[in-house]
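Secondary and tertiary structure notes
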Amino acid sequence: RDRRGCTQIKVDINQAKNQIKVYNNGKSVPVQIHKTHGCYVPELIFGHLLTSSNYDDSQKKVTGGRNGFGAKLANVFSKKFEITCADASKKKLYFQQFSKNMGVKGEPKIKDFPADAIEYTQVMFEPDLSKFKMKTLDDDIVALMKKRVYDLAGCSPSNVNVYLNGKKIQGIKNFSDYIELYFRKFGEGQKPTKIYEKVNQRWEVCATVSESSSFKQVSFVNSICT
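These remarks concern the structure in this document. These numbers were taken from a predicted model, which means no experiment stands behind them.

What counts, and where the lines are drawn
- Residues numbered from 1 in each chain as written.
- Predicted model: local features only at pLDDT ≥ 70, side-chain atom pairs only at ≥ 80, totals over all residues.
- Heavy atoms only, no water.
- Helix = DSSP H or I, 4+ residues; strand = E, 2+ residues; numbered from the N terminus.
- Buried < 20%, exposed > 50% of the residue type's maximum accessible area, 1.4 Å probe, protein only.
- Contact = heavy atoms within 4.5 Å.
- Areas by Shrake-Rupley, 256 points an atom, 1.4 Å probe, with all protein chains shown as cover.
- Lys, Arg positive; Asp, Glu negative; His and termini not counted.
- Charge placed at Lys NZ, Arg CZ, Asp CG, Glu CD.
- Pairing = 2+ DSSP bridges.
- Salt bridge = Lys/Arg side-chain N within 4 Å of Asp/Glu carboxyl O.
- Polar contact = N/O pair within 3.5 Å; in protein donor to acceptor, adjacent residues only side chain to side chain.
- Expected span 1.5 Å × (residues − 1).
- Core = buried A, V, L, I, M, F, W, Y, C linked by side-chain atoms within 4.5 Å.

To continue, consider the overall build of the protein chain. A count of helical and extended segments in the protein chain gives 4 helices and 13 strands. Across its three principal directions, the C-alpha atoms of the protein chain cover 60 × 40 × 35 Å. Across the 226 residues in the protein chain, those meeting the buried criterion constitute 30%. Taking contacts inside the protein chain between residues at least 6 apart in sequence as the whole, the part at least 24 apart equals 53%. Total accessible area on the protein chain is roughly 14500 Å²; 53% of this is exposed by carbon and sulfur atoms. In the protein chain, the 37 positive side-chain charges and the 23 negative ones have mean positions that sit 2 Å from each other.

So this is what it looks like as structure tokens:
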């Protein structure tokens, strides 16, 4: 949501350790006690179901999700789930670990954090592979996760640098660059004609001839692959 302050998104996928880490800088989740629920806001967001601010359908949105399910379900389907929130405005660094499918909640650990330091939020989780009838993070699911990181690079503002396993994704600063990935497989002189237009800040469209007789589409709504 912090489209001005966020300049880095980092995703690390450790296939051998069954561990995934997602980081972004920009405005942190506030490290403070929620007035109504009586617990810290990061715990509420990541560890309590049905807590979200995305309910008003009359409000125009550039974010996705509803009812705050996304991160919590990652927690529910993980053996271990850790959150770190660096809040410069409150001068606090927040860490909390959940385990056993969000069944065991560790106590928050809070340290001092410099007011002039870069704020960030980080999530680390170890999926409970048994819930998906898997023994390891197989190559197919890892490939899908990597594809989503490239999606991020294509859908994020041009000032956001996206990293995968410590390496900056090069050559994708906007949606037009992202579209080119689908044309890389064509040899010299074989690339089909494409028609691309950035209609406004909310809409970008590209059309080209399908390889097969059936219609195919790749689309995103508020950066969510549809």
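Moving on, there is more to tell.
Covered by surrounding structure in strand β8 (residues 161-164) are Asn-161 and Tyr-163 together with Val-162 and Leu-164, the residues of both alternating faces. Bridge count for strand β1 (residues 8-14) against β8 is 4 bridges, and the pairing is parallel. Residue pairing in the sheet places Gln-8 in a bridge with Asn-161 of β8. In sequence, β8 turns back onto strand β9 (residues 167-168) through a hairpin of 2 residues, with Asn-165 there showing a positive phi of about 50°.

Turning to its location among the elements, Lys-72 is positioned in helix α2 (residues 69-76). Buried and unpaired, Lys-72 has Glu-43 as its nearest opposite-charge partner, separated by 12 Å. Looking at Lys-72, its side chain comes within polar contact range of the main-chain oxygen of Ile-45, at 3.2 Å.

For the rest of this paragraph, the subject is the environment of Glu-107. As for its position among the elements, Glu-107 is in the loop between β5 (104-105) and β6 (109-112). Judged by relative accessible area, Glu-107 falls into the exposed class, the value being 67%. Between the C-alpha atom of Glu-107 and that of Phe-95, which follows or precedes it by 12 residues, the distance is 8.8 Å. Non-local contacts of Glu-107, meaning those with residues more than four positions away in its chain, are made with Phe-95 and Gln-96.

Below, the discussion takes up helix α3 (residues 139-155). Three or four residues apart is the spacing at which side chains of an α-helix point the same way, because the helix has 3.6 residues per turn. Between its first and last C-alpha, α3 extends 24 Å over 17 residues, near the 24 Å set by a 1.5 Å rise per residue. Looking only at α3, the buried set comprises Val-142, Val-149, Asp-151, Ala-153 and Gly-154. Its side-chain oxygen 3.2 Å from the backbone nitrogen of Asp-140, Asp-138 forms the N-cap of α3.

The next subject is the nonpolar core. Formed by 32 residues in total, the largest nonpolar core has its most connected members in Phe-81, Ile-83, Val-162 and Ile-169. Elements represented by at least two residues in this core include exactly β1, α1 (41-47), β3 (78-87), β4 (92-99), β7 (120-127), α3, β8 and α4 (175-180). Apart from residues lying up to four places away in sequence, Ile-169 is in contact with Val-149, Tyr-150, Ala-153, Val-162, Tyr-163 and Leu-164. Grouped together as the second largest cluster of nonpolar side chains are 5 residues, Tyr-23, Ala-86, Phe-113 and Tyr-120 included.

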